[in-house]
Amino acid sequence: MFIELIHWISDKLLDNPHMFNSVRYLLAGKQMGMKKFVASNLNKYNCGIIADFCCGTGDFAISSPFNSRYYGWDLNSDFIKYAEKKYHQDKNKKFLKGNVLNSETIYRKKFDAVLLISAMHHLSDKELSVLLPKIKKISKKILIIADIIPDPPHFLQKFFVKIDRGRYIRPKAEKLRILRNYFKIVSSELIPTKSAIQFGIVCEVTSVKKS
Ligand SMILES: C[S@@+](CC[C@H](N)C(=O)[O-])C[C@H]1O[C@@H](n2cnc3c(N)ncnc32)[C@H](O)[C@@H]1O
């Protein structure tokens, strides 16, 4: 009952970009560990054009390498407006409203890397089975995932997992199993934030046979 109430309240509040950012900052801090993880892999693979799927308020745009082109997509138009305003002076960063599951325009371009940060636990297995093959078609090099795990060590972290709005918080092995159907996993690591443990995964786009 209590958890349902929290879900109801967060559904009402967290679609507002300012509330989303404040709550995120309070719970997770600046997420510097995750930002470094993303930035170092984008640099390692020499990524010049990046797609950030489910980009939210554009928090991870900062991880894109200097002079690279960054495209962020999100369903929430207020998040997109917020990100556009924040980065209006940076011509290399574009934010667009779109549903990554069924937009046609998103899939007309090719990218060196696709990011899926804190988004996998919002998508069902069926939705991932639609999305991941599409990502495989448009990413030339890598897919970078960061997603919370259901069994963090600290009781407060466990509580935050319980109240998260995402309905599909999968164990590490389950995330890897799903991704292996489409990609070659080259590295993974646990990245702690204040309120959760994120699992960072780097997948290379190669012709892996679907099991
Ligand atoms: C927890 S937020 C993460 C935002 C951002 N990646 C970050 O880490 O700051 C999840 C985001 O996924 C977006 N989202 C969920 N389903 C989506 C879809 N089908 N297409 C586009 N965006 C989606 C939501 O609007 C929300 O902004």
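Our structure's up above, just so we're on the same page.
Residues numbered from 1 in each chain as written. Predicted model: local features only at pLDDT ≥ 70, side-chain atom pairs only at ≥ 80, totals over all residues. Heavy atoms only, no water.

Engineer: Can you help me understand the site of the ligand in this one?
Structural biologist: Around the ligand sit 17 residues, and of these Arg24, Cys54, Asp74, Asn99 and Ile117 come closest. Contact distances for the ligand include 3.0 Å between a nitrogen atom and a backbone N or O atom of Val100. Considered on its own, the ligand offers 600 Å² of accessible surface; in the complex 88% of this is hidden by protein. For the shell around the ligand, the residue count by class is nine nonpolar, five polar and three charged. (Near = heavy atom within 4 Å. Polar contact = N/O pair within 3.5 Å; in protein donor to acceptor, adjacent residues only side chain to side chain. Areas by Shrake-Rupley, 256 points an atom, 1.4 Å probe, with all protein chains shown as cover. Nonpolar A, V, L, I, M, F, W, Y, C, P; charged D, E, K, R; others polar.)

Engineer: What is the right way to read unusual backbone geometry from this model?
Structural biologist: Glycine aside, the phi torsion of most residues is negative, and most peptide linkages are trans. Despite not being glycine, Gln31 shows a phi value in the positive range, around 55 degrees. Its location among the elements puts Gln31 in the loop between α2 (17–28) and α3 (32–44). A relative accessible area of 4% means that Gln31 is categorised as buried. Unusually for a residue other than glycine, Asn67 sits at a positive phi of about 70 degrees. By the element assignment, Asn67 lies in the loop between β1 (49–53) and β2 (69–74). (Helix = DSSP H or I, 4+ residues; strand = E, 2+ residues; numbered from the N terminus. Buried < 20%, exposed > 50% of the residue type's maximum accessible area, 1.4 Å probe, protein only.)

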